[in-house]
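An overview of the molecular structure
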Amino acid sequence: MDLESDQAFNCPYCSASISIRIDRTGGRRQYFVTDCEVCCRPISIEVDMDPDGFVNFIAKRCERIMNMLQQMKKEVINEKIEKTKK
Ligand SMILES: [Zn+2]
């Protein structure tokens with residue numbers, strides 16, 4: 001069995017096809033966040049591996065990070081408004 005395998009998937013935001021490398025030594029269940037190469041939005045990746053090497057792969061929008069980014073944007077905008085008030 002290879003220690004690494006490539007997994008292709010479509011971006012859940014812009015549906016660009018992306019391929020990432022899964023490190024099989026990282027455990028049978030892995031969870032991580034990657035950025036889309038095209039639209040740069042965060043994608044949460046869930047990997048679930050069978051002992052016989054079958055990879056169950058789920059790519060979905062990372063709402064938690066998207067919310068965080070939106071919150072950060074809001075704060076920046078609020079800061080700008082504060083500055084223009086002065
Ligand atoms: Zn994308």
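Summary of the structure given here. (Residues numbered from 1 in each chain as written. Predicted model: local features only at pLDDT ≥ 70, side-chain atom pairs only at ≥ 80, totals over all residues.)

Focus on unusual backbone geometry
Where we set the bar: Counting from the N terminus, the helices are the DSSP runs of H or I reaching at least four residues and the strands are the DSSP runs of E reaching at least two. Our exposure labels follow a C-beta count within 10 Å of each residue's own C-beta, placed from the backbone: buried means 20 or more other C-beta atoms, exposed means 12 or fewer, and partly exposed covers the counts in between.
Unlike most non-glycine residues, serine 15 shows phi in positive territory, near 55°. Within the fold, serine 15 resides in the loop between β1 (4-10) and β2 (17-23). Look at serine 15 and you get exposed, because 12 C-beta atoms sit within 10 Å. A positive phi is found at cysteine 40, a non-glycine position, where the angle reads about 65°. The residue cysteine 40 is located in the loop between β3 (29-35) and β4 (42-49) in this model.

Quick word on the sheet that holds β4
By way of backbone hydrogen bonds, the strands of a sheet pair with one another, either parallel or antiparallel. Selection criterion: Two strands qualify as a pair provided DSSP detects at least 2 bridges between them. In this description, a line fitted to the C-alpha atoms serves as the axis of each element, helices being fitted only across the stretch in contact, and the angle between N-to-C directions of two axes falls anywhere from 0 to 180 degrees.
Taken in spatial order, the 3 strands make up an open sheet running β3-β4-β5, and their pairing is antiparallel. On the outer flanks of this sheet lie β3 and β5 (55-61), each paired with one strand and no other. Strand-to-strand twist across the sheet, computed as the mean angle between neighbouring axes with direction ignored, equals 20°. In the sheet, β4 pairs with β5 via 7 bridges, with the strands oriented antiparallel. Of the residues in β5, the one forming a bridge with serine 44 is lysine 60.

Keep in mind these values describe shape, not function.
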